[in-house]
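Close look at the chain arrangement
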Amino acid sequence: MIANLPWGLELEAAIEPAGLAVEMRWDGARLETTVVNASAGTIAAEEVRLSASPEWTSVSGWAWLHGRLMQRDALVRTFAEPLPEGYEGLAWRDRGDDEGRLYISNEVLALYLPFKANSALVIGSLRPGAVFFDVEISLDDDESTLEALDLVFDLDGIVLAPGERLDLPPILISEGRDAVALMEHFADETAVEMQARVPDRVPTGWCSWYYFYGSVSEADILSNLETMRATNHPAEYVQIDDGFQSFTGDWLTPNAKFPSGMAALATRIGDAGYKPGLWLAPFLLHEDSAALRGHPEMALKTRAGVTLFVDTWLGRCAVLDCTHPQSEAWLREVVAKVTREWGYVYLKLDALAFAAQPPREVAYHRAGTTAPANLRRGLEIIREAAGDQTF
């Protein structure tokens, strides 16, 4: 157990499976956690759960819940109020008849309980990218008491040899009176940990998606570009969104709606005084794409060795195994061509979360790869291929 945390939290560690041990250290601001294989055999880790049972009064309190995916809820949930309409309920689940409700926040949670002297508490992972981290809170049936708080590290995909140690991402735990200020502090600390690239100004631009959606054509781009040039529109970028590619995955082969080719269109955008931008969904390969037909080894396979397909708004697609050497070579070629040869200095990257597939369901080429690690490796390859000058 570790104590003397903000709000008087006391955390008890539990880990699955047996044979693994947990070490916790608190420096007054950050919680450091290490997993140790204390057994004589190799162990496939599952999760680390740091649990507290505080029995706090939650009347008039709220939780600021964060989703990891665009399909996840992200909202401030005031306890005991009717659930808001328009949400899928992915951030919460009922625990059963008269058993209360469980709330789940991804990577970071802000909690507000007015009876506390410092009424706001923020708990968040400062180094995402290797393992997923959730904060779970459990309330009684009428949501008047917060009965449990759990910090959960998802270790799916991690295998530890005998005696091997694994340092988990540091967790910031802070209390105060202003939840927004605490969240801003969390963001600043995370930016330092992750070496965030922060531009000196907010970029502005025109994006084709929000009027033309997938039906955009070269003629549409040129017509809007001419109007922007004629009216001296102050945007910095002109970005072509989904709709230029022959198939998702075949990024270097435009469809018939773009007869001049993408390099020529980038030149036209530059000649009009704007910077060209392009949309990519770099980790998806449409089932009918030439990329998938030519290099089926790039696609993630299920544990049974069958290509994994996911249903998306872009159609039925395979998912890129970013740890495979052929995937890396292909991704580098695509990004280098688009940025360094065609001249697109802005990339809008979409559908990225599909790359984070749970290892219990897929077999990554590189052993020991977690779901977020595959996604992060893909982003590292893209950044290296695009260069630091590309936004």
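Presented here is an overview of the structure given in this document. (Residues numbered from 1 in each chain as written. Predicted model: local features only at pLDDT ≥ 70, side-chain atom pairs only at ≥ 80, totals over all residues. Heavy atoms only, no water.)

**Describing helix α6 (residues 325–341)**
End to end, α6 covers 23 Å across 17 residues, agreeing with the expected 24 Å (1.5 Å per residue, within 8%). Within α6, burial applies to Ser327, Trp330, Leu331, Val334, Val335, Val338 and Thr339. For α6, the angular spread of the buried residues around the axis is 140°, confining them to a single face. Every exposed residue of α6 that faces more than 90 degrees away from the buried side is listed here: Glu333, Arg340 and Glu341. Elements that come into contact with the buried residues of α6 comprise β20 (275–280), β21 (284–286), α5 (290–294), β25 (346–349) and α7 (371–386). Directly after α6, the chain includes Gly343, whose backbone phi takes a positive value near 100°. (Helix = DSSP H or I, 4+ residues; strand = E, 2+ residues; numbered from the N terminus. Expected span 1.5 Å × (residues − 1). Buried < 20%, exposed > 50% of the residue type's maximum accessible area, 1.4 Å probe, protein only. Arc of directions from axis to C-beta. Contact = heavy atoms within 4.5 Å.)

**Let's talk about the packing of aromatic side chains**
For the coordinates displayed, the defined rule picks out 15 aromatic pairs. On the basis of an interplanar angle of 50° and a centroid distance of 5.1 Å, the ring pair of Phe133 and Phe153 is categorised as tilted. With a gap of 20 residues between them, Phe133 in strand β13 (residues 132–139) and Phe153 in strand β14 (residues 145–154) connect regions that are remote in the sequence. A centroid spacing of 5.1 Å and a plane angle of 75° characterise the contact between Trp209 and Tyr213, whose relative ring orientation is edge-to-face. Of the residues examined, Tyr213 reaches a relative accessible area of 44% and is grouped as partly exposed. (Phe/Tyr/Trp six-rings, centres within 6.5 Å; stacked < 30°, edge-to-face > 60°.)

**Focus: the pairing of strand β7 (residues 62–65)**
Only one face of β7 is covered, namely the one carrying Ala63 and Leu65; the face carrying Trp62 and Trp64 has none of its residues buried. In this sheet, strand β8 (residues 75–78) lies alongside β7 in antiparallel orientation, the contact comprising 4 bridges. Paired with Trp64 across the strands is Val76, a residue of β8. With 3 bridges connecting them, β7 and strand β11 (residues 108–112) associate as antiparallel partners. Residue pairing across strands places Trp64 opposite Ala110, the latter belonging to β11. (Pairing = 2+ DSSP bridges.)

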